[in-house]
Amino acid sequence: MSSIAPNTHTLPSYLPAHELGPWGTYLQQVDRVTPYLGSLSRWVETLKRPKRILIVDIPIQMDNGTIAHFEGYRVQHNTSRGPGKGGVRFHQDVTLSEVMALSAWMSVKNAGVNLPFGGAKGGIRVDPRQLSRGELERITRRYTSEIGVIIGPTKDIPAPDVNTDERVMAWMMDTYSMNEGSTATGVVTGKPIALGGSLGRREATGRGVFTVGIEAAQRIGLDITGARLAVQGFGNVGAVSAQLFVEAGAHLVAVQDHTDTLYNPAGLDVAALQAHVKAHGGVAGFTGAERITPAQFWEVDCDILIPAALEQQITEENAPKIRAKLIIEGANGPTTPQADDILAERHILVVPDVIANAGGVTVSYFEWVQDFSSFFWSEDEINARLVKVMRDAFSHIWQTAQIHKVSLRTATFIVACTRILQSRELRGLYP
Ligand code: GLU
């Protein structure tokens with residue numbers, strides 16, 4: 001299908017056309033799904049405008065006594081199906097366009113796996129590697145306090161994302177609870193187990209990537225035993241998915257992160273690599289593989305490619321060179337619409353972010369339910385429920401793709417946007 005330019009009439013005034021970034025990608029994805037929405041398409045404009053955007057100033061005292069100001073965001077894209085839900089990202093390149101797109105992809109993701117949530121996302125424009133532990137805590141607490149007016153266990157529930165983890169979630173939960181005057185464990189998910197976190201949450205995104213990866217591989221006749229895997233990003237998502245694929249008989253032949261790109265056609269030792277990354281903060285310096293250039297990563301001879309880092313990594317430049325048969329998007333928004341078209345023409349199957357990485361928010365939902373009922377489930381039960389949710393969602397989306405002869409991304413958007421807009425229509429407009 002050809003690319004459709006986003007309808008510029010719908011651009012909000014606070015986002016100039018030349019700064020569209022990932023939000024522009026999202027708008028093109030919505031334009032592609034609109035012909036499949038039938039009478040619900042009269043509501044489609046709803047999907048092109050976030051419900052609520054909050055931009056906050058975060059002043060903190062640095063360890064050297066100076067005062068530094070950081071920019072923070074929380075965007076609630078849609079709440080037609082339930083409270084806002086989505087992570088918080090700490091990264092020096094975070095922009096409003098990015099957080100808007102990430103919040104919209106959460107709406108699609110949550111509806112795609114049928115969780116009773118809307119979509120939201122937050123971020124702070126900061127490089128957390130430059131902060132001390134104390135500075136990180138202060139920036140987290142002030143940000144939480146500033147967005148405290150719009151978050152809450154029944155309003156909008158943050159979670160970890162790039163460069164945020166259980167420790168950050170513990171500070172967010174504590175700050176919100178202190179301001180409320182009572183402990184509110186359900187305000188964030190991805191918390192430490194001791195604070196109402198869920199077993200299996202840390203591995204959930206990677207486990208979901210693996211689960212849908214197996215489903216997709218079966219459908220295209222790709223044998224996991226001996227399959228060669230390339231992974232971009234070796235954080236929580238990349239490392240766990242690599243480990244599960246290797247346990248299932250695949251070989252990790254290439255890995256790239258913000259520190260280096262490594263290649264070993266005989267297969268890297270995933271456990272040793274995980275230990276190295278834990279000790280050194282990245283894959284750089286790991287022995288047992290040769291170094292290749294960042295551009296060469298995309299040309300590596302492999303069967304499965306998992307982008308598990310940031311947006312807009314697979315572009316019209318590298319898409320023609322990719323040799324994988326299957327791409328599973330662990331990251332949010334790693335493929336541009338132009339690259340999507342090239343990959344489709346080349347018959348490379350893309351399992352899109354909005355289903356592939358939905359395992360994380362699915363176990364976040366389980367965590368939220370457990371917090372509300374104050375009754376906690378076993379890890380086996382959580383993993384079994386996760387696998388069922390992912391498999392059911394994948395097969396529904398696969399069938400939708402077959403029926404309409406569209407990509408899995410457009411199929412996920414058809415399923416998700418139909419659910420969102422049905423809720424929108426049933427609720428009606430207020431007043
Ligand atoms: N940040 C994750 C995502 O992009 C998880 C969000 C959540 O658990 O709410 O899906």
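In this text, all values refer to a predicted model and were calculated from it rather than measured experimentally.

Asker: I'm lost on helix 7 (residues 270-280) in this one. Help?
Answerer: Helical periodicity: at 3.6 residues per turn, an α-helix aligns residues three or four positions apart in one direction. For helix 7, every residue scored as buried is listed here: V270, L273, H276 and V277. Buried residues of helix 7, viewed axially, fall in a sector of 120°; they line one side. Opposite the buried face of helix 7, by more than 90 degrees, sit the exposed residues A271, K278 and A279. On its buried face, helix 7 is in contact with helix 6 (236-247) and strand 8 (251-256).

Asker: Looking at this structure, how should I read the pairing of strand 8?
Answerer: Strand residues, when the strand is regular, have side chains that alternate between the two faces of the sheet. For strand 8, a buried count of five out of six residues is recorded, marking the element as mostly surrounded by other parts of the structure. Relative to strand 8, strand 7 (residues 228-232) runs parallel, the two sharing five bridges. Its bridge partner being in strand 8, L229 is matched across the sheet by L252. With helix 6 bridging strand 7 and its parallel neighbour strand 8, the resulting β-α-β unit is right-handed. Sheet analysis places strand 8 next to strand 9 (residues 261-263), joined by three bridges and oriented antiparallel. When the bridges of strand 9 are listed, A254 appears paired with Y263. Linking strand 8 back to strand 9 in an antiparallel pair, the connection comprises four residues.

Asker: What exactly am I supposed to notice about the sheet that holds strand 1 (residues 52-61) here?
Answerer: Within a sheet, neighbouring strands are paired by backbone hydrogen bonds and run either parallel or antiparallel to one another. Strand order in the open sheet formed by four strands is 1-2-5-4, and the pairing between neighbours is mixed. Every interior strand has two partners, whereas the edge strands, strand 1 and strand 4 (88-91), have only one. Across the sheet, the axes of successive neighbouring strands diverge by a mean angle of 20°, strand direction being ignored. Across ten bridges, strand 1 lies against strand 2 (residues 67-78) in antiparallel orientation. Considered in strand 2, the bridge of D57 is made with E71. Packing of helix 2 (residues 96-112) onto the sheet brings it into contact with strand 1, strand 2, strand 4 and strand 5 (119-125), and relative to strand 5 it is tilted by some 150°.

Rules behind the numbers
Residues numbered from 1 in each chain as written. Predicted model: local features only at pLDDT ≥ 70, side-chain atom pairs only at ≥ 80, totals over all residues. Heavy atoms only, no water. Buried < 20%, exposed > 50% of the residue type's maximum accessible area, 1.4 Å probe, protein only. Helix = DSSP H or I, 4+ residues; strand = E, 2+ residues; numbered from the N terminus. Arc of directions from axis to C-beta. Contact = heavy atoms within 4.5 Å. Pairing = 2+ DSSP bridges. Right-handed = clockwise from strand over helix to strand, strands pointing away. Axes fitted to C-alpha atoms, helices over the stretch in contact; angles between N-to-C directions.

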